[in-house]
Amino acid sequence: ENNLKIFIISILKQVKMGDCMDGYDYQTLRSDVLALYKDFPFLTVSEIGKSLCGRSLYLLEIGRGEPVLLAGAFHGMEHITSAVLMRLLRELCLRFARGENIGSHEADSVFLHHKACFVPCVNPDGVEISLYGPDRAGEYAHIVRRFSSGDTSAWQANARGVDLNHNFNAGWDLLRQIEKKMGFDFPGPTRFGGFFPDSEPEVQALEALCIRKKFRRVLACHSQGEEIYYAYGEKTPPESLYAARQMASLARYRVSHPEEEIASHGGFKDWFIQQFGNMGFTVELGKGKNPLPLSSREEIFARTQDMFFTFISMP
């Protein structure tokens, strides 16, 4: 792992958990990462890779035990998921520092047996494009301009128009056929899974992290719908349904299966289950129309924090 300690110390500033007026952007994320590192020296911060445009893909870790992963912002306009995950991480750090409980468990016990790992923003380029337009795509701006029709507010893909949650090598060939039938045959704002699986640096970085860390389970955050997905193929662990129901009951969400065939393959959760045979979940945070406003963060967090605590601390 690339330890960013020297980098962080060199640019550390007095900042608090920040808000961007329009959403949770990359600069706000970066400032919050630095603030957490300053406030909680037991937190480990590193970089697992770079986005297509060279933005850092941050990994933040707390605990000493078996690693579990929580990741967000696979889709550009779903930047609310990064905001919620960073809010959750600050809460975990505060409780650990104060010796308070995490759910029904003592914090010391949770982090002795578990390590909570966060990649809060898998697609920082997509987030910037969604919030600020094609110019944030750098050398790929011409692709965004061509396929966005001038409006990037609903941009989900990365900077070259690949939907990262369609790019993982889990049923990708079948997914590619479905995409073509539905007209998603070229780069665009959403649902184009690339010309071959695992083609994008963001996907490669996350897969490499999983292979290196051997996570016990993973949770991918999306928005919106207040749903939890838990299954993919024959390698889905039998205990996944019970765990999904337990988490869903705490958040008052529902356990679901994808209703659209095009959403049934190529996702991170799908790849993880297929690759490792361990539990993987996709959680659709919040309710409404994407992009969900940043003002909804506290409401979403209040509703889901016990669900997240359970995910982290379950055996």
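Parameters and conventions
Residues numbered from 1 in each chain as written. Predicted model: local features only at pLDDT ≥ 70, side-chain atom pairs only at ≥ 80, totals over all residues. Heavy atoms only, no water. Salt bridge = Lys/Arg side-chain N within 4 Å of Asp/Glu carboxyl O. Helix = DSSP H or I, 4+ residues; strand = E, 2+ residues; numbered from the N terminus. Buried < 20%, exposed > 50% of the residue type's maximum accessible area, 1.4 Å probe, protein only. Contact = heavy atoms within 4.5 Å. Arc of directions from axis to C-beta.

Overview of the pattern of salt bridges
Now for step 1: Under the criterion given, the structure shown has 19 salt bridges.
Now for step 2: For the salt bridge of Arg87 with Glu298, the shortest nitrogen-to-oxygen distance reads 3.0 Å. With a gap of 211 residues between them, Arg87 in helix α3 (residues 80–98) and Glu298 in helix α11 (residues 297–313) connect regions that are remote in the sequence.
Now for step 3: Under the relative-accessibility criterion, Arg87 is labelled buried at 19%.
Now for step 4: Overall, Glu298 belongs to the partly exposed group, its relative accessible area being 39%.
Now for step 5: Of the charged contacts, one joins Arg254 and Glu227 as a salt bridge, the two residues approaching to 2.3 Å between their closest N and O atoms. You can see Arg254 sitting in strand β10 (residues 254–256) and its partner Glu227 sitting in strand β9 (residues 227–229), a full 27 residues away along the chain.
Now for step 6: The exposure class assigned to Arg254 is partly exposed, which follows from its relative accessible area of 44%.
Now for step 7: You can call Glu227 buried: its relative accessible area is 9%.
Now for step 8: Via salt bridges that share partners, Arg87, Glu91, Arg95, Arg297 and Glu298 belong to a single interconnected network.

Quick look at the environment of Leu60
Now for step 1: Mapped onto the elements, Leu60 comes out in strand β3 (residues 56–63).
Now for step 2: Residue classification places Leu60 among the buried positions, given a relative accessible area of 0%.
Now for step 3: Distance from Leu60 to Met86, taken between C-alpha atoms, is 9.6 Å for residues 26 residues apart in sequence.
Now for step 4: Once residues lying within four places of it in the same chain are set aside, the contact partners of Leu60 are Val33, Leu36, Leu43, Thr44, Val45, Leu89, Ala116, Cys117, Phe118 and Pro120.

Quick look at helix α7 (residues 172–181)
Now for step 1: Buried within α7 we find Trp172, Leu175, Arg176, Ile178 and Glu179. The buried side chains of α7 occupy one side of the element, clustering within an arc of 165° when seen end-on. Away from its buried face by more than 90 degrees, α7 exposes Asp173 and Lys181.
Now for step 2: Positive phi shows up at Gly183, right after α7, with a value of about 90°.

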